[in-house]
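So you can see what is in the structure, the chains are spelled out below.
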Amino acid sequence: MYLLSKDLVFPPVNLANKDGLLAIGGDLSAERLLLAYKSGIFPWYNQGEPIIWYSPNPRMVLFPKNLKISKSMKQIIRKNEFSVTFNENFSEVISNCKNSYREGQGGTWITDEMQQAYINLHQLGVAKSVEVWKEDELVGGLYGIDLGHVFCGESMFSEVSNGSKLAFIYLVQKLEKENYKLIDCQVYNEHLASLGAEEISRAEFLTYLKK
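Every value quoted in this text rests on a predicted model; they were computed, and no experiment measured them. (Residues numbered from 1 in each chain as written. Predicted model: local features only at pLDDT ≥ 70, side-chain atom pairs only at ≥ 80, totals over all residues. Heavy atoms only, no water.)

Participant: Residue-level account of the sheet that holds strand β10 (residues 182-186), with values.
Facilitator: Spatially, the seven strands line up as an open sheet ordered β6-β7-β8-β9-β10-β5-β11, and their pairing is mixed. Edge positions in the open sheet fall to β6 (83-86) and β11 (198-200), since each of these has one partner strand only. Across this sheet, the average inter-strand angle for adjacent strands is 35 degrees, counted without regard to direction. Strand direction decides the pairing type here: strand β9 (residues 150-158) and β10, joined by three bridges, are parallel. Opposite C152, over in β10, you have D184 as the bridge partner. Across the sheet, helix α5 (residues 163-177) is in contact with β5 (59-62), β6, β7 (127-134), β8 (137-146), β9 and β10; its angle to β9 comes to roughly 160 degrees. (Pairing = 2+ DSSP bridges. Helix = DSSP H or I, 4+ residues; strand = E, 2+ residues; numbered from the N terminus. Axes fitted to C-alpha atoms, helices over the stretch in contact; angles between N-to-C directions. Contact = heavy atoms within 4.5 Å.)

Participant: I'd like to hear about the pairing of β8, residue by residue, with values.
Facilitator: Among the 10 residues in β8, nine count as buried, and that is most of the element. In terms of strand pairing, β7 meets β8 through eight bridges, oriented antiparallel. Bridging across to β8, K128 finds its partner in G144. Linking β7 back to β8 in an antiparallel pair, the connection comprises two residues, with E135 at a positive phi of about 60 degrees. As consecutive antiparallel partners, β8 and β9 are separated by three residues, and within that stretch G148 has a phi angle of approximately 95 degrees, a positive value. (Buried < 20%, exposed > 50% of the residue type's maximum accessible area, 1.4 Å probe, protein only.)

Participant: An account of the nonpolar core is needed here, citing residue identities and associated values.
Facilitator: Judged by nonpolar contacts, the single largest core of 49 residues is most densely connected at L28, L33, Y37, W53, Y118, Y143 and I145. No other element matches the five residues that helix α4 (residues 112-123) contributes to this core. Those residues in contact with L28 that sit more than four places away from it in its chain are L33, P43, Y45, I51, W53, E113, M114 and A117. (Core = buried A, V, L, I, M, F, W, Y, C linked by side-chain atoms within 4.5 Å.)

Honestly, that's just the spatial picture; any functional story needs more than this.
Dropping the structure here:
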């Protein structure tokens, strides 16, 4: 594990350990966060811990053309009970993600410092959100970092069944129309695998970041 200084630099990602842990320390400035995402690195730590930086291998990604929409989700979309917006209420989305209960986790990994850092990135036009509404109530959503050809997903929440799935599906369909290469999902989980996400090597993932 590498200890970061004030210098705006990260060690090569191939020096990460088997769990993807690469470095510790540094800060959450917009400049460092942008450098991190462009290098295949992201912060992940709990409140009260130092900033920890990861670059996992393999990497969970979704190629937009591989999106899988189940019959039940297609029925939900056809019912038109929800509306979906893009980048209209970022602060509420990240707040809901932060406060959502996640089974198997003792607490949120979105610290106060991290929340403010991503709000700062949103104000710079880099961090973006998807909102799912039922009438006038925000019932689902997600946010992430938009690199222009790759969208790095960070977190999602759902107050109703399938709320986050709906946000993800609409995002993927939008990004496919805009010719994005892939959506970065970071690490494996069954929820995203069911939607078509797959694992690729870190080396392959980095080639997409550089395109």
